[in-house]
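Below are the chains, spelled out letter by letter.
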Amino acid sequence: MSILQVENLHFSYGKSLVLKNIHFSLDKNKMVGIIGGNGCGKSTLLKNISGYLKPDSGRILIGNKDIRRFSTKERAQFIAYVPQDMPYDFDFSSYDVVMMGRIPFLKRFEREGKEDEMIVEEAMRITNTWKFRDKNINELSGGERQRVYIARALAQRPKILLMDEPVSHLDIKYQIEILSLARELALKGMLVIAVLHDINLASQFCHDLFIMKEGRIMDYGPAIKVLKPNNIKSAFSVDVKLLHNPVTNSPYVVADLEERKGFDVI
Amino acid sequence: MKRSIYFVIAILLLFLSLLISISVGAVNIPLQEIVATFTGGGDETHRTIILNLRLPRVISSAVVGMGLSVAGTFFQALLRNPMADPYVLGISSGAALGATLAIILGFGLISLSFMAFFLALVVVVFVYLVAKTGSRISINTMLLAGIAISSLISAIISLLMLLNHEELTKIYFWTMGGFNLTNWQKVIYSSPIIIISTLIMYVFSRDLNAILTGEEIAEHLGVNTELVKRTILILASLVTATCVSIGGVIGFVGLIVPHISRLIIGPDNRVLVPFSALTGAIFLNLADTLARVILRPAEIPIGIITAAFGGPFFLYLLVKNKRKIKGM
């Protein structure tokens, strides 16, 4: 049974149609990457899946139930969302931030209990953030903060984890750490969908890739099938060459330097 | 643990400040006379002063201090802007226009309060409608619309003042704020509005914590952000309009008390809201007492006190906590 089905989804911001006839279904235990050029609708698709944006037509089923039939709160018990890193101008401790992941499970006047504390601790240990639980969120580095936000998402005990460019401005250590973690979570039973900028990271870490162009899904499948020079040329308007990455057995994209030969610097 | 100590201290201080402000004034009343009055005895003159003059005034300064601080706390969280105060959406200018009109037209005290209250709400509704796009409210548009309407109304008020020289002092004093015209009637209509609205808003304080970390994020945590925003916007405006209608436009309280409270007790609204309610009550109560006694028997507008004491104290805290305060 697929945990997530998207059927004939259309979405527009005002008059401009951003997502066109998106149609797919995904099972758990998978890490799926969404790649594509700027403005192709990657993040918009993610926010439609999360229920934050409402599609013009088509529907989204979470475990066979239409997402519109979930309340905001119920939705948050199934789907967690990790935002792009942004500046934070409040000083909650990391622990408090992760504890916010329990909001969907608490009644209005209910206080966080032992169980919530255990879940938060577990989420923070998995993400290796427990050691700075008392630190303010704005004292952390970008990579640390991103991990705190993943911990908060884990505290929601989600079936589907959505990540919007989780590693875009992190150094390689954190990129590897966070994407390995995401992949591990997928193998433990979640469906992880991540919007990624870096095609090679996507190729190395994701089981399957969506490649998007102008609001449509151009191709879907394992990296080896999707990452073809003509697909990339079409989605990113750039000529590339593909190598074989022997470590992960996936394609590795490099710039096609031949193209640049006629270009005079001075 | 540490937090509850702060609360105990704040409650004791509130009690102390209420006692002081009942005791001092044009006539000083000793403690045993106050106790006697409340236990049903005491000197008749003292009794009259306490029950008819001091008590309504002490209560309204405390309640307004509480209301403005709570409204300020909520506005700062909701607008995610440390510069926000209860007047940020133009509520004060609406109220001031109402009061100005009432003074010019020669209305009585209660009608004046009502006019101030009514026009304050009209302004908020207007700002809200301008900022509403579809089912969502744009925070930035709301802030800008608030500034725009405030300056328009200030212009109208200046013109009205110019055309009505003889009422100039009266209007000026009203806008500076003060509790010299307080009576039981005002206390009875204002306190329930302020207290009940505060309690309702408090229900949303955990949701507001999540909203502080970003509206989109809060929505993904299962918070119905539009409902929370709308409720708090309406109730915080109602509280502010009520405060302004009985105390005038008292500046600074709603800006600095929330910040001071945040520095002491942290950003968690579940603790911060009740704490700034207490601190606000203490602060404005003491400020009003000073306003009454500094130039005894004359009074100075309370706005001068709140700015003169609040400003430097806040600067001191800012310098002391330079590292700690990053906006909120």
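This one's a predicted model, so the numbers in the text were calculated from it and none came from an experiment.

About the criteria used
- Residues numbered from 1 in each chain as written.
- Chains lettered and ligands numbered in written order.
- Predicted model: local features only at pLDDT ≥ 70, side-chain atom pairs only at ≥ 80, totals over all residues.
- Heavy atoms only, no water.
- Helix = DSSP H or I, 4+ residues; strand = E, 2+ residues; numbered from the N terminus.
- Contact = heavy atoms within 4.5 Å.
- Axes fitted to C-alpha atoms, helices over the stretch in contact; angles between N-to-C directions.
- Left-handed = near helix turned anticlockwise from the far one by under 90°.
- Nonpolar A, V, L, I, M, F, W, Y, C, P; charged D, E, K, R; others polar.
- pLDDT = per-residue confidence, 0-100.
- Buried area = accessible area lost by both parts, 1.4 Å probe.
- Salt bridge = Lys/Arg side-chain N within 4 Å of Asp/Glu carboxyl O.
- Polar contact = N/O pair within 3.5 Å; in protein donor to acceptor, adjacent residues only side chain to side chain.
- Buried < 20%, exposed > 50% of the residue type's maximum accessible area, 1.4 Å probe, protein only.
- Pairing = 2+ DSSP bridges.
- Core = buried A, V, L, I, M, F, W, Y, C linked by side-chain atoms within 4.5 Å.

Draft legend 1. Fine view of the side chain of B:Lys229. Assignment of secondary structure puts B:Lys229 in helix α11 (residues 225-247). Non-local contacts of B:Lys229, meaning those with residues more than four positions away in its chain, are made with B:Leu78, B:Ile137, B:Ile139 and B:Glu215.

Draft legend 2. Local environment of the packing of helix α13 (residues 269-293) of chain B against helix α14 (residues 302-320) of chain B. Residues and elements named next belong to chain B. Two elements in contact, α13 and α14, have axes separated by 9 Å at closest approach and are oriented at 115°. Seen along the crossing, α13 lies across α14 with a hand that is right-handed. Contacts between α13 and α14 involve Phe-283, Leu-284, Ala-287, Asp-288, Leu-290 and Ala-291 from the former and Ile-302, Ile-305, Thr-306, Phe-309 and Gly-310 from the latter. Its residues placed into classes, the contact of α13 with α14 shows eight nonpolar, two polar and one charged.

Draft legend 3. Just the confidence of the model for chain B, in detail. The predicted model of chain B has a mean per-residue pLDDT of 88, with 97% of residues at 70 or higher. Mean pLDDT values over the elements of chain B span from 76, in strand β2 (residues 136-137) of chain B, up to 94, in α13(B).

Draft legend 4. Structural context of the interface of chain B and chain A. Counting from both sides, the interface comprises 24 residues of chain B and, opposite them, 30 residues of chain A. Summed over both partners, the interface of chain B with chain A buries about 2,600 Å², with 56% contributed by carbon and sulfur atoms. It is B:Arg206, B:His220 and B:Leu221 that lose the most area in chain B upon contact with chain A, and together they represent 28% of the buried surface on that side. Seen at the junction of chain B and chain A, the total is four salt bridges. Joining chain B to chain A, the criterion identifies nine residue pairs in polar contact (both at pLDDT 80 or more). Broken down by secondary-structure element, the contributors of at least two residues to the side of chain B that touches chain A are α9 (205-212) and α10 (215-220) of chain B. The element best represented in the side of chain B that touches chain A is α9(B), accounting for five residues. The residue inventory of the side of chain B that touches chain A, partitioned by class, reads nine nonpolar, five polar and 10 charged.

Draft legend 5. Focus on the pairing of strand β6 (residues 79-82) of chain A. All names here are of chain A. Residues of β6 alternate between two faces, with Ile-79 and Tyr-81 on one and Ala-80 and Val-82 on the opposite face, all of them buried. Sheet topology places β6 next to strand β7 (residues 160-164); four bridges connect them, and they run parallel. Across the sheet, the residue bridging to Ala-80 is Leu-161, located in β7.

Draft legend 6. Region of the structure containing the nonpolar core. Grouped together as the largest cluster of nonpolar side chains are 146 residues, with contacts concentrated most on A:Leu161, A:Met163, A:Val192, B:Phe75, B:Met142, B:Trp174 and B:Ile250. Apart from residues no more than four positions distant in its own chain, A:Val192 is found in contact with A:Lys30, A:Met31, A:Val32, A:Leu161, A:Met163, A:Ala182, A:Leu185 and A:Ala186.

Draft legend 7. Focus on the pattern of salt bridges. Residue and element names in this part refer to chain B. Applying the stated rule across the entire model yields 24 salt bridges over all chains. Among the salt bridges present, the one from Lys-229 reaches Glu-226, with a minimum N-O distance of 3.1 Å. Of this pair, Lys-229 and Glu-226 are both found in helix α11, three residues apart, which corresponds to roughly one turn of the helix. Lys-229 sits in the buried class, given a relative accessible area of 2%. Members of the salt-bridge network, linked through shared partners, are Arg-80, Glu-215, Glu-226, Lys-229 and Arg-230.

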